[in-house]
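Fold and contact review
Chain by chain, the residues:
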Amino acid sequence: MRRPILILVAGLALAVAAYCGVYYSGTANCCHMNHGKTPELAWLKQEFHLSDAEFKRITEMHEAYLSGCAERCRRIDQKNQEVAKLLAATNNVTPEIEKALTESALLRADCQTKMLQHFYNVSRTMPPEQGKRYLAWVQQQTVPSDSHSQMHH
Amino acid sequence: MKPENPMQSDEGLRQVLHQWKVDAPLPPRFQDQVWRRIERTEAEVQIPAWVLLWQRLSAALARPTLAVSYVTILLLTGLLAGYLQVRVTRAQADENMGARYVQLVDPFQNPHR
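Worth saying up front: this structure is predicted, and the values here are computed from it rather than measured.

Considerations on the overall build of chain A
When helices and strands are tallied, chain A shows five helices and zero strands. For chain A, the succession of helices and strands along the chain, N to C, is α-α-α-α-α. Burial status across chain A gives 32% buried among its 153 residues. When the accessible surface of chain A is split by element, carbon and sulfur atoms take 60% of a total near 10,000 Å².

Following this line, the structure appears as structure tokens:
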């Protein structure tokens, strides 16, 4: 009577142990990456098979880009506040509003240009095939693909 | 007393049985009663399904080949389920990390800008 119960339980315990073993060993890398200082960059290293030297170079580029990005964002925010103030003071598109909007658009364009430049620099630091893959992926994620006609709907 | 020829004796008995006719009438609703008795007997000896299942399972697990097969199948199922779950978790983590990287480098992903 006890032997079949023992076999049944042993089978189930073995299945659970096998599941847990495979799961934890398979996801250990993901967990380790998540607890790092810059998990996004760690992911980039893993996803695009970067060497330590390439990763170090990309990390430096990333940090330099982010500090510049923060400054550009600050200027865009400042310009947005200026536009909001001008819009609140009138009920017409004044030359000042026009000028502020143009400046705001230029700041955004500059920001986008710097971002694309960063992507190109990063892709050039990667092995050629991975660089191509990175560029295709990141452009798909960041450059708007909506056609102009769709913006009216 | 032994019959002189058993074959002849059987033949005689067969003839007598063929000629034998029962004239006594059956009691009323005889067939119904018979069926009811059969049903009652079956109900009395009916074993619960789980007991039957357990008995069959125990009998099966008592055979070493079946016991080994059972354990092996469960082990493989566990391994396969773990592997599939790892694939799903990794795909989700990749997607999530990719999105986080893009948010980090693309200021236009921030709705306030």
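Details of the nonpolar core
Side chains of a nonpolar character, in soluble globular proteins, are inclined to be buried together. Formed by 23 residues in total, the largest nonpolar core has its most connected members in Trp43(A), Leu44(A), Phe48(A), Met126(A), Tyr134(A), Trp137(A) and Tyr101(B). Sorting the residues of this core by element identifies helix H2 (39-47), helix H3 (52-89), helix H4 (95-125) and helix H5 (128-142) of chain A together with helix H4 (64-105) of chain B as the ones contributing at least two each. In terms of residue count, the dominant contributor to this core is H3(A) (five residues). Ignoring anything within four residues of it in the chain, the contact list for Leu44(A) reads His49(A), Leu50(A), Ile58(A), Met126(A), Tyr134(A) and Tyr101(B).

Observations concerning H4(B)
The terminal C-alpha atoms of H4(B) lie 61 Å apart, and with 42 residues this matches the ideal 62 Å at 1.5 Å per residue to within 8%. Within H4(B) the residues assigned to the buried category are Ala67(B), Leu74(B), Gly78(B), Gly82(B), Val86(B), Thr89(B), Ala93(B), Met97(B), Gly98(B), Tyr101(B), Val102(B) and Val105(B). Looking at the buried side of H4(B), the elements it contacts are helix H1 (2-34), H2, H3, H4 and H5 of chain A together with helix H3 (49-61) of chain B.

Some remarks on a nonpolar patch on the surface
The grouping of Leu26(B), Phe30(B), Val34(B), Trp35(B) and Ile38(B) at the surface amounts to a nonpolar patch, some 490 Å² of accessible area in total. In this fold, Val34(B) is placed in helix H2 (residues 30-45).

Topic: the side chain of His118(A)
Mapping His118(A) onto the fold places it in helix H4. Here His118(A) is in contact with Met61(A), His62(A), Tyr65(A), Tyr101(B) and Val105(B), once residues within four sequence places are set aside.

What about the packing of H1(A) against H4(B)?
Relative to each other, H1(A) and H4(B) sit at 20 degrees, their axes nearing to 8 Å. Comparing their axes, H4(B) and H1(A) come out roughly parallel. When the axes of H1(A) and H4(B) are compared, the crossing they make is right-handed.

A word on the confidence of the model for chain A
On average, residues of chain A score 88 in pLDDT, and 93% of them are at 70 or above. Across residues 148-153 of chain A the pLDDT falls below 50, and counting only partners more than four positions away or on other chains, this stretch makes zero contacts in the model.

What about the pattern of salt bridges?
Residue and element names in this part refer to chain A. Per the counting criterion, the structure on display carries 13 salt bridges over all chains. Between Arg74 and Glu71 there is a salt bridge whose closest N-O contact spans 2.9 Å. Within this pair, Arg74 and its partner Glu71 are both found in helix H3, separated by three residues, close to a single helical turn. Looking at Arg74, the relative accessible area reads 42%, which means it is partly exposed.

Remarks on the interface of chain A and chain B
With 45 residues of chain A at the interface, the matching set in chain B holds 34 residues. Summing both partners gives a buried area of about 3,400 Å² for chain A against chain B, and 73% of it is carried by carbon and sulfur. Between Glu40(A) and Arg100(B) there is a salt bridge, with its nearest N and O atoms 3.1 Å apart. Summed over the shared surface of chain A and chain B, the number is seven residue pairs in polar contact (both at pLDDT 80 or more). Listed by contribution, the elements that provide at least two residues to the side of chain A that touches chain B are H1, H2, H3, H4 and H5 of chain A. Looking at the side of chain A that touches chain B element by element, the count peaks at 18 residues for H1(A). The residue makeup of the side of chain A that touches chain B, split by class, is 29 nonpolar, 11 polar and five charged.

Thoughts on the confidence of the model for chain B
When pLDDT is averaged along chain B, the result is 85, and 89% of the positions lie at 70 or above. The weakest mean pLDDT in chain B belongs to helix H1 (residues 6-19) of chain B at 81; the strongest belongs to H4(B) at 93.

About the criteria used
- Numbering of residues begins from 1 in every chain and follows the order in which that chain's sequence is written.
- As a convention, the first chain written is A and the first ligand written is 1, with the rest following in written order.
- Under the rules for a predicted model, residues below a pLDDT of 70 receive no local features and side-chain atom pairs below 80 are neither given nor counted, while totals for whole chains, interfaces and linings still include all residues.
- Heavy atoms from the whole structure form the basis of all side-chain values; hydrogens and water molecules are not counted.
- A helix here means a DSSP run of H or I that spans at least four residues, while a strand means a run of E at least two residues long, and both kinds are numbered starting from the N terminus.
- When accessible area is computed with a 1.4 Å probe and restricted to protein chains, residues below 20% of their type maximum are described as buried, those above 50% as exposed, and intermediate ones as partly exposed.
- The method behind every accessible area is Shrake-Rupley, applied with a 1.4 Å probe, and residues are considered shielded solely by the protein chains displayed.
- The definition of a nonpolar core used throughout is a set of buried Ala, Val, Leu, Ile, Met, Phe, Trp, Tyr and Cys residues joined through side-chain atoms within 4.5 Å.
- Contacts were defined at the residue level, with two residues in contact if any of their heavy atoms lie within 4.5 Å.
- Multiply 1.5 Å by the residue count of a helix minus one, and that product is the helix's expected span.
- Each patch is built from salt-bridge-free residues with over 30% relative accessible area, joining like charges within 9 Å and nonpolar side chains (Val, Leu, Ile, Met, Phe, Trp, Tyr) within 5 Å.
- A carboxyl oxygen of Asp or Glu within 4 Å of a side-chain nitrogen of Lys or Arg is what we treat as a salt bridge.
- What counts as an axis is a line fitted to C-alpha atoms, over the stretch in contact for a helix, and the angles between N-to-C directions run from 0 to 180 degrees.
- Note that the term roughly parallel is reserved for angles under 35 degrees, roughly antiparallel for angles over 145, roughly perpendicular for angles of 65 to 115, and oblique for everything else.
- Crossings are sorted by hand: turned counterclockwise from the far helix by less than a right angle, the near helix makes the crossing left-handed, and turned clockwise it makes it right-handed.
- For every residue, the predictor states its confidence as a pLDDT score lying anywhere from 0 to 100.
- Throughout, the accessible surface (probe 1.4 Å) given up by two parts as they are put together, summed over both, is called the buried area.
- Under the rule applied, a polar contact is a pair of N or O atoms within 3.5 Å (in protein, one hydrogen donor and one hydrogen acceptor; residues adjacent in sequence only if both atoms are side-chain atoms).
- For this scheme, ten residues count as nonpolar: Ala, Val, Leu, Ile, Met, Phe, Trp, Tyr, Cys and Pro. Four count as charged, namely Asp, Glu, Lys and Arg, and the remainder, Gly too, count as polar.

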